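This is what each chain is made of:
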2 protein chains.
Amino acid sequence: MKPKVSAKDVARHVGVSVATVSNVINNVNKKVSEETRQRVLKAIEELHYQPDFTARSLAKGKSNLLGVLLPITQAGDDESLLLKDNPFYAELLSGIEFEAGQRGYDVIITGIRPEQSLKDWVRKRNMDGVIFLGITPEPFLNELKALHIPVVLMDSHPKQGDCHSIGHDDFLAGKLACQYLMARGHQVIGFLSGGIQTSPVNLKRYEGYQEALKEAGLTSRPNLVLEDSVSFEGGYRMGLRIAQEYEKSRKGESVTALFCAADIVAFGAIKALREKRIKVPEEISVVGFDNLKTCDYLIPGLTTVDQGIYHKGVLAAGILVDDIEGKLEACRHIQLPVRIVERDSVCPPREK
Amino acid sequence: MKPKVSAKDVARHVGVSVATVSNVINNVNKKVSEETRQRVLKAIEELHYQPDFTARSLAKGKSNLLGVLLPITQAGDDESLLLKDNPFYAELLSGIEFEAGQRGYDVIITGIRPEQSLKDWVRKRNMDGVIFLGITPEPFLNELKALHIPVVLMDSHPKQGDCHSIGHDDFLAGKLACQYLMARGHQVIGFLSGGIQTSPVNLKRYEGYQEALKEAGLTSRPNLVLEDSVSFEGGYRMGLRIAQEYEKSRKGESVTALFCAADIVAFGAIKALREKRIKVPEEISVVGFDNLKTCDYLIPGLTTVDQGIYHKGVLAAGILVDDIEGKLEACRHIQLPVRIVERDSVCPPREK
DNA sequence: ATAGTCAAGTTAACCGGTTAACTTCTTTGG
DNA sequence: CCAAAGAAGTTAACCGGTTAACTTGACTAT
């Protein structure tokens, strides 16, 4: 077992006190002469000294640790990360990890599990800040606020007073997607999402969709506005219901397009439609939301609303670190731009 | 700012020393009377005391931190986690996180970046153990071995002397997949993978594939054995090459099936084939490897070799923690069973 | 009655850094 | 020429726990 080299060893080697070594490391300029600095740096190099973050963390009250809180799915007793089901979180997490690394922070992850106290989780390791992915249940959020550490909310409650938030103008995005479909001749458009009332993000997209229809003098049909879980399975179930509606509707009245508030929902819906022998996009066009890498895999490729997920993760970590390091005065509420990415899941409607 | 309650506060509140509080927390039975124990526990409850892991970590030399080392992709200067491109890693990570959490450990992630010293990364936080995902470059591995902490290798060099490893019998798995295709009448079968020589896992699958052919009295065709990156794009490129081969071959001689050593490669390949108007599975059947959730999304659903990714992650974390806690005498080398999951990407060959 | 055990704590050193306060020596200003 | 200021370090307390060694009193065995 190689003995770990500590600041004490470096100090002894150079013939100075540990305080001086510490000062060199932390760039306290006014405390150490250039010559001594060089000698210490040389010794650090030679001995392969690496400061211990645990000790530093204890002394400074700063851990250089970013907590990433991931939503979970319950499958029986096991509560596993949604990360495994929705590539969305993987892309986001990758962006966060990248930026955190660049700025000298490490990323520690956990699922948001009902039985677990997030406050305790964060506190026991003195985390410097946390990022919430996905919908953040109020109780968890409040628990964290009591800690008074920087928090970034992603696609959650926009404009939580004392947290940063990153998202998009979901109203506009929903409107955009709907208008995109209408511009191609669609008039009967369904809306598929997770809970509309439980997720502000979905609500906004829904309202945007409604607004677009209204401006075009159209109205949405209640039985084409569906809610289920934000998952492949949820999308599949909603797709089956849309297929039923499609089958029983008369010519010229049937649904010809779907706007899904998440790509993964669109994947499931498309699967269901195809199984019911409804052609996508010839019979029903589909627009998703997220622009996951996976959109390319499908046939047809999924036309969707891009939200630059990876970049969003980078941004989130950046803001969090900025705040931690005191570079931010006020809370930031960022609305990222979105854009439609055209693939092959949309075409003009044809007569039934 | 709420003042953090420490063991000292608890001690004062109960009227004992901090040592006693510590003994209660750590269940040092022989040191504290049942009555005192109860009083301390009560105080802990009342004051909402939460031991500080940073301090504990420093004192014990044990951090309860598991490092997960993720492979990266280089795109220009940015080296982002492969996690964002291949759902495989997300499933694995989810499994790891779950089991780690159950056993009282936290998970900290990083990419394996050439310029970064993994040894330093692990050492500076006193991590208790690490899990390597994907191919592990030797230099990185050796660097870590010098630390003498438990290491689990996933799908990497099988049987690295002093590390645990988890994988499958890839030879058998490759053979199985190939036999599955042959049992359905295929005789000309391609093999698509990442580097065969650079990845022992791919090599084994390749050898299994060869063996199966040989046993059936068939031989593989060199121009149907392709290598590229393990990615959607790599699969796409290989798919295009297969399409070319298909077009120029004569009836009865053309490739009728592909065995892809990773699902994500299969996704890309199918996309390419479809774009070239080659029907899957009618003209070319495809078998993948991994059984990602995403296999369900595609149309046709991908028939593949299941390796229970999530469970593999759970197992990895379990072994790592077992070792950390001294419950393991020797290195474990686990070969998980695999099985074919049938979906819709395979059918008997038809005359061209 | 007396040494030896044991239960139940306490004390204090320690983990590896950070940092406020102090020292010592040199320089500068009036 | 002497006080004040500044440069370059050092000392020691501290962060919040853990743990080996020690204490104290009660109980047991001889």
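A.B. asks: Explain the relation of the copies chain B and chain A here, please?
C.D. replies: Mapping between the two copies of the chain is achieved by a rotation about an axis and a shift along the axis. Between chain B and chain A, which share one sequence, the superposing operator has a rotation angle of 180 degrees and an axial displacement of 0.1 Å; the RMSD is 0.1 Å. Such a combination of rotation and displacement between the chain copies is what one expects of a two-fold axis. Relative to the rotation axis, the C-alpha of Ile-108 of chain B is the closest in chain B, positioned 2.2 Å from it. A symmetric contact is evident, with 100% of the interface residues of chain B recurring at the interface of chain A.

A.B. asks: Is there a simple way to explain the protein's contact with DNA strand D in this structure?
C.D. replies: Around DNA strand D, the surrounding shell holds 24 residues, and the nearest of these are Thr-20 and Ser-33 of chain A together with Ala-7, Ser-22 and Tyr-49 of chain B. Backbone atoms, meaning sugar and phosphate, make up 65% of the atoms of DNA strand D lying within 4 Å of the protein. At 2.6 Å, a backbone N or O of Ser-33 of chain A approaches a phosphate oxygen of DNA strand D. A distance of 2.5 Å separates a phosphate oxygen of DNA strand D from a polar atom in the side chain of Ser-22 of chain B. Of all the secondary-structure elements, those providing two or more residues to the surface near DNA strand D are α2 (18-25) and α4 (53-60) of chain A together with α2 (18-25) and α4 (53-60) of chain B. Classifying every residue of the surface near DNA strand D gives eleven nonpolar, eight polar and five charged.

A.B. asks: Would you mind showing me how to read the environment of Lys-60 of chain A here?
C.D. replies: All names here are of chain A. Within the fold, Lys-60 resides in helix α4. It is 37 Å that separates the C-alpha atoms of Lys-60 and Thr-73, two residues lying 13 residues apart in sequence. A polar contact of 3.4 Å, which involves the side chain of Lys-60, links it to the side chain of Asn-26.

A.B. asks: Is there a simple way to think about the sheet that holds strand β1 (residues 65-70) of chain A in this case?
C.D. replies: Read across the sheet, twelve strands follow the order β13(A)-β7(A)-β6(A)-β5(A)-β1(A)-β4(A)-β4(B)-β1(B)-β5(B)-β6(B)-β7(B)-β13(B) without closing on themselves; strand pairing throughout is mixed. Here the strands that pair on one side only, and so sit at the sheet edges, are β13 (333-336) of chain A together with β13 (333-336) of chain B. Averaged over all pairs of adjacent strands, the angle between their axes in this sheet comes to 20 degrees, without regard to strand direction. Running over the sheet, helix α5 (residues 87-102) of chain A touches β1, β4 (106-111), β5 (129-133) and β6 (151-154) of chain A together with β4 (106-111) of chain B and is turned about 150 degrees from β4 of chain A.

A.B. asks: How should I be thinking about the side chain of Thr-303 of chain A in this particular structure?
C.D. replies: Residue and element names in this part refer to chain A. Relative to the helices and strands, Thr-303 resides in strand β12 (residues 303-306). Looking at Thr-303, its side chain comes within polar contact range of the main-chain nitrogen of Arg-343, at 2.8 Å. Once residues within four sequence positions are removed from consideration, Thr-303 is found in contact with Tyr-180, Val-286, Val-287, Gly-288, Ile-340, Val-341, Glu-342, Arg-343, Asp-344, Ser-345 and Val-346.

A.B. asks: Even after reading the chapter, I still don't get the domain arrangement of chain A, so can you show me in this structure?
C.D. replies: Per the domain assignment, the segments of chain A are domain 1 (7-51), domain 2 (65-168 + 309-336) and domain 3 (170-306). Summarising the inter-unit geometry, the C-alpha centres of domain 1 of chain A and domain 3 of chain A are found 62 Å apart.

Rules used throughout
Residues numbered from 1 in each chain as written. Chains lettered and ligands numbered in written order. Predicted model: local features only at pLDDT ≥ 70, side-chain atom pairs only at ≥ 80, totals over all residues. Heavy atoms only, no water. Least-squares fit on C-alpha atoms with pLDDT ≥ 70 in both. Contact = heavy atoms within 4.5 Å. Near = heavy atom within 4 Å. Polar contact = N/O pair within 3.5 Å; in protein donor to acceptor, adjacent residues only side chain to side chain. Helix = DSSP H or I, 4+ residues; strand = E, 2+ residues; numbered from the N terminus. Nonpolar A, V, L, I, M, F, W, Y, C, P; charged D, E, K, R; others polar. Pairing = 2+ DSSP bridges. Axes fitted to C-alpha atoms, helices over the stretch in contact; angles between N-to-C directions. Domains from an automatic or database assignment.

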